[in-house]
Amino acid sequence: MGRLSDLKRYYLDANAHAPLLPEAAEAYVVALRAAVGNPSSTHTEGRAARAILDQARDSVAALLGARSGEIIFTSGGTESCNLGVLGLALAAPASRRHLICSAVEHHAVLHACEHLRQHHGFSISILPVDNCGRCSLDALKSLAGEQTALVSVMSANNEVGTRQPVAEIGELCRSRGILFHTDAVQCVGREPVLVHNLACDALSASGHKFGSVPGTGFLWLKSGVALAPVTVGGAQENQRRAGTENAAAAASLATALELSLNQHQAPDRARMHDQIENLWQRVAQSVPSVIRNGHPEQRLDNTLSICVPGASSEDVMIAADLEGLSLSSGSACMVGSALPSHVLLAMGLGRELASCAIRFSLSRELEEDEVSEVVARFARVITRVKG
Ligand code: PLP
């Protein structure tokens, strides 16, 4: 191992936070200087801020094939998921007090559902997943009834990368008059997402997953769908999210979304897909008894989740950091928690194996010829940890 200061670092944790795009940082600073008023004020300074906000909204909407009024800016993915789940459920008719969400949702969705159960009298059904992390449509068909207000199923899982059949879920919900929210935090900005093709009512996204400054996100809400606001005290965002808007953050998000989509065209995504396969092949050759998690085909292009039996996630992450590899056990939001991942448990892994999970999530920064160096370092880490 080289000295820390000499060591080239490999950042392999894009699902937790993607590298900030310089253009998005620049857009933020420029907008911060230009948006000198409150967007709700009618004077010149306020109108300057409003113009920046409106332009960002128009641009995000155009990139998603949406209408401007359908974009509600939020402080990130968590707030967007909270607003989607709480807002849709609380606006649904009183006869519908049942929710369905998948077992592998991010806690931003799971805890919002739990909140509705504890404080608003909703019941919850958890949609199970198979050992690849995918929900079954048949299970959804049997759970979705006349009292179901909302189904929330993520587009792709942040820990293992498995994609869900959102188009089919959306069609099923639509045919039964049930609202459908999808957490698309790991998809928006990394692949084309055209909202009206998805048959959903609301979709969540987070700016820092695609190169915007952190603290940015949005909820796409289909025109005409009722939403109960979660924050109150102002008429901003068309009465759907009270609080002074952050025009500079919105400008950064809009810039990052456009650039990131340009950088993730089909050939770029294919390259990343091949890179992950290459990474997996080499890890499988160098690390005995390693297991791959997630769906073999229906998965994010940039994500590889593995378990190395006998090497705990925590030990591996610490040793990997010293080797210049920034890795994750799966969910940055669960750091500090001694619990194994709820996603891996739902996929049928035992607790012991689930506590040995490691996720590689690539950004565009990793070069093809760097994969072997990453694997060599990772193999050294495992040897040291298993001791
Ligand atoms: N949903 C998913 C699938 C995520 O991966 C994350 C973050 O990792 C979130 C929601 C929360 O997003 P944010 O970090 O912007 O609050």
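Residues numbered from 1 in each chain as written. Predicted model: local features only at pLDDT ≥ 70, side-chain atom pairs only at ≥ 80, totals over all residues. Heavy atoms only, no water.

**Thoughts on the packing of helix α1 (residues 22-34) against helix α8 (residues 247-263)**
Note the cut-off: Between N-to-C directions, angles span 0 to 180 degrees; the directions come from axes that are lines fitted to C-alpha atoms, helices contributing only their stretch in contact. Only DSSP runs of H or I with at least four residues qualify as helices, and only runs of E with at least two residues qualify as strands; both kinds are numbered from the N terminus onward. By the definition adopted for this analysis, an angle is roughly parallel if under 35 degrees, roughly antiparallel if over 145, roughly perpendicular if from 65 to 115, and oblique otherwise. Crossings are classed by handedness, with left-handed meaning an anticlockwise turn of the near helix from the far one by less than a right angle and right-handed meaning a clockwise turn. A contact between two residues is defined here by any heavy atoms of the two lying within 4.5 Å. The classification used treats Ala, Val, Leu, Ile, Met, Phe, Trp, Tyr, Cys and Pro as nonpolar, Asp, Glu, Lys and Arg as charged, and all other residues, Gly among them, as polar.
Their axes nearest at 8 Å, the elements α1 and α8 cross at an angle of 155°. Considering the angle they form, α1 stands roughly antiparallel to α8. Read as a crossing pair, α1 and α8 show a hand that is right-handed. Across the interface between the two elements, Glu23, Ala24, Ala27, Tyr28, Ala31 and Leu32 from α1 touch Ala248, Ala249, Ala251, Ser252, Thr255, Ala256 and Leu259 from α8. For the contact of α1 with α8, a count of residues per class yields 10 nonpolar, two polar and one charged.

**Some remarks on unusual backbone geometry**
Positive phi outside glycine occurs at Glu237, with the angle close to 50°. Here Glu237 shows up in helix α7 (residues 236-239). Backbone geometry at Gln239 places phi at a positive 70°, although glycine is not the residue there. Considering the arrangement of structural elements, one finds Gln239 in helix α7.

**A few points about the domain arrangement of the protein**
Going by this rule: Throughout, the edges of the domains are those of an automatic or database domain assignment. A pairing counts as a salt bridge when a side-chain nitrogen of Lys or Arg comes within 4 Å of a carboxyl oxygen of Asp or Glu. Identification of polar contacts relies on pairs of N or O atoms within 3.5 Å, with a donor-acceptor requirement for protein atoms, meaning one able to donate a hydrogen and the other able to accept it, and with residues adjacent in sequence counted only if both atoms are side-chain atoms.
As assigned here, the protein comprises domain 1 (3-20 + 264-386) and domain 2 (22-259). Domain 1 and domain 2 are separated by 27 Å when their C-alpha centres are compared. Between domain 1 and domain 2, the residue contacts involve 31 residues of the former and 36 residues of the latter. Where domain 1 packs against domain 2, one counts zero salt bridges. Here domain 1 and domain 2 share 16 residue pairs in polar contact (both at pLDDT 80 or more) between them.

**Notes on the sheet that holds strand β12 (residues 357-361)**
What counts is decided by this rule: When DSSP locates at least two bridges between a pair of strands, those strands are taken to pair.
If you walk across this open sheet you meet the three strands as β9-β10-β12, and the pairing is antiparallel. Bordering the open sheet on either side are β9 (291-293) and β12, each of which pairs with just one other strand. On average, adjacent strands in this sheet sit at an angle of 30° to one another, irrespective of strand direction. In this fold helix α9 (residues 266-286) packs onto β9, β10 (303-307) and β12, with an angle of close to 20° to the strand it touches most, β10.

**Considerations on the pattern of salt bridges**
Two side chains that carry opposite charge are able to pair once their charged atoms sit near each other. Test applied: Residue burial is assigned from relative accessible area. The probe radius is 1.4 Å, only protein chains are included, and a residue is buried under 20% of its type maximum, exposed over 50%, and partly exposed in between.
Using the criterion set out here, one finds 15 salt bridges in the structure. The salt bridge partner of Glu114 is Arg117, with a shortest N-O separation of 2.6 Å. Placement of the pair is Glu114 and Arg117 together in helix α4 (residues 107-120), with a separation of three residues, close to one helical turn. Owing to a relative accessible area of 42%, Arg117 belongs among the partly exposed residues under this scheme. Across the pair Arg163 and Glu191 runs a salt bridge whose closest N-O atoms are separated by 2.9 Å. Here the residue Arg163 occupies a position in the loop between β5 (148-152) and α6 (166-175), and Glu191 occupies one in the loop between β6 (179-183) and β7 (202-206), the gap between them amounting to 28 residues. Like Glu191, Arg163 is buried. One network of salt bridges, in which partners are shared, links Arg50, Asp54 and Glu245.

**Describing the nonpolar core**
Heads up, the condition is: Definition of nonpolar core: a set of buried residues of the types Ala, Val, Leu, Ile, Met, Phe, Trp, Tyr and Cys, connected through side-chain atoms within 4.5 Å.
With 62 residues, the main nonpolar core has Val60, Ile71, Phe73, Val151, Val188, Leu203 and Phe218 as its most contacted residues. Counting residues per element, this core draws most heavily on α8, which supplies nine residues. Counting only domains with at least three residues in this core, you end up with domain 1 (3-20 + 264-386) and domain 2 (22-259). Beyond its immediate sequence surroundings of up to four residues, Val188 is in contact with Val193, Leu203, Ala205, Phe210, Phe218 and Leu257. With 27 residues, the next largest nonpolar core counts Ile276, Val316, Leu325 and Val375 among its residues.

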